[in-house]
Amino acid sequence: MTNTRKPWRKKAKKFYALEQSPFYGLQRKKDLAELLFTSVKALEGMTDKSVPHYEYWEEEKADGSMRPLCRPHEGLDKAQSRVAYLLACIETPSYVHAPVPKRTYVTNAAAHQGSRSFCLMDIDSFYPSCREEKVLAFFQHRMRCSPDVAVILARLCCDKGSLPQGSPSSPILSYWAYSEMWDAIFNVAKEAGNVFTLYIDDLTVSGQVVLKSTIWKVQKEIHKHGLAIKVGKTRWIVNKPAGVTGAIVGPEGLRLPNRQHQKLSAAQSDFSKPGGNRKKKTNVLRGRQAQASQIMNHPATVRDGNSH
């Protein structure tokens, strides 16, 4: 299997306060270009909206609808990856579990262990709804960049007026551009005695009791910022285990979902059969084992006959 990982897509290993970010107080386009390992001329080219900078296509989702995707051209991909890396180095609140280094879908689920009531929500058309104006405001007002630097960064990271679904900088910017909203939601949940976590656009509120009035306040904050909850995907779960971002959360702790048990068992069975593409079988089995181990090796996981 060919390694398609981009060498410039580094993972953050050092963390600092927002005010210590190299973006903070950035005033000159020349300094921005140096920070992104490029030139002012190249930045101007990458932010010229009269020139195409992406490849576009669609993929079918599980519900049969189509998901619009894009891929930035290599020069833009490098610049956006650099932005993503630098933003990922900024410390984020503990309720944010993606895209944050050392936090995963498992840590997101584990934050809700012990809860008996859950409300799980998704943002409707998330990246297309994350507006360029919000990204611009983040760089200009929160990061205190000069107006021209903030405009370049917003244009660099947005396409057609919003965050592109397929850009390496979109996940982390979807948090920072709306951090005021996410903080407000965290405070609503906290005041109600509930736990709130965020995993990209998956919102989970849990506790011994989750009131509809609390979720109404959460939705009110979301609408205030021009976003909307995907009503058909909102789930209320009370007094039974809940599937939270790929893990089963119960009063005792985490469990591996049955579908993951089944997929792992099928991969093991296929691997044991002679013939076929051995390399592909090995990669599938290792992938299933790695995915399962994230849950099974977590301290919050219930150890019983179904966990092995």
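Chemist: How should I be thinking about the overall build of the protein in this particular structure?
Modeler: What the protein contains, in helices and strands, is 12 helices and 10 strands. By the burial criterion, 45% of the 308 residues in the protein qualify as buried. Summarising the internal contacts of the protein: among those between residues at least 6 apart in sequence, 69% fall at separations of at least 24. Surface summary for the protein: the accessible area is close to 16300 Å², and the carbon and sulfur share equals 51%.

Chemist: Mind showing me how you'd approach the packing of aromatic side chains here?
Modeler: Ring pairs (aromatic) are described by centroid distance and by the angle formed between their planes. Considering all chains together, one arrives at nine aromatic pairs under this definition. Between phenylalanine 23 and phenylalanine 139, the ring centres sit 5.8 Å apart and the planes meet at 70°, which makes this aromatic pair edge-to-face. Here phenylalanine 139 lies in helix H6 (residues 132-142) and phenylalanine 23 lies in the segment before helix H1 (29-35), a separation of 116 residues in the sequence. For the pair shown, phenylalanine 23 and phenylalanine 139 are each scored as buried. Where tyrosine 95 meets phenylalanine 186, the ring centres are 5.2 Å apart and the plane angle is 20°; that geometry is what we call stacked. In this pair, tyrosine 95 sits in the loop between helix H3 (74-88) and strand S3 (96-98) while phenylalanine 186 sits in helix H9 (residues 179-191), placing the two residues 91 residues apart along the sequence. The buried category is assigned to tyrosine 95, whose relative accessible area is 4%. Exposure remark for phenylalanine 186: the relative accessible area of 28% places this residue in the partly exposed category. Lying across the ring of tyrosine 56, lysine 160 places its NZ or CZ 4.1 Å from the centre.

Chemist: Sorry, what's going on with the sheet that holds S3 here?
Modeler: What links the strands of a sheet is backbone hydrogen bonding, and the strands pair in either a parallel or an antiparallel sense. Pairing is mixed in the open sheet, where five strands are placed in the order S3-S5-S6-S4-S7. Among the strands making up the open sheet, the edge pair consists of S3 and strand S7 (235-238). Each strand of the sheet is rotated relative to its neighbour by a mean of 20°, with strand direction disregarded. In this sheet, strand S5 (residues 195-199) lies alongside S3 in parallel orientation, the contact comprising two bridges.

Thresholds applied
- Residues numbered from 1 in each chain as written.
- Predicted model: local features only at pLDDT ≥ 70, side-chain atom pairs only at ≥ 80, totals over all residues.
- Heavy atoms only, no water.
- Helix = DSSP H or I, 4+ residues; strand = E, 2+ residues; numbered from the N terminus.
- Buried < 20%, exposed > 50% of the residue type's maximum accessible area, 1.4 Å probe, protein only.
- Contact = heavy atoms within 4.5 Å.
- Areas by Shrake-Rupley, 256 points an atom, 1.4 Å probe, with all protein chains shown as cover.
- Phe/Tyr/Trp six-rings, centres within 6.5 Å; stacked < 30°, edge-to-face > 60°.
- Lys NZ or Arg CZ within 6 Å of the ring centre and 35° of its normal.
- Pairing = 2+ DSSP bridges.
- Axes fitted to C-alpha atoms, helices over the stretch in contact; angles between N-to-C directions.

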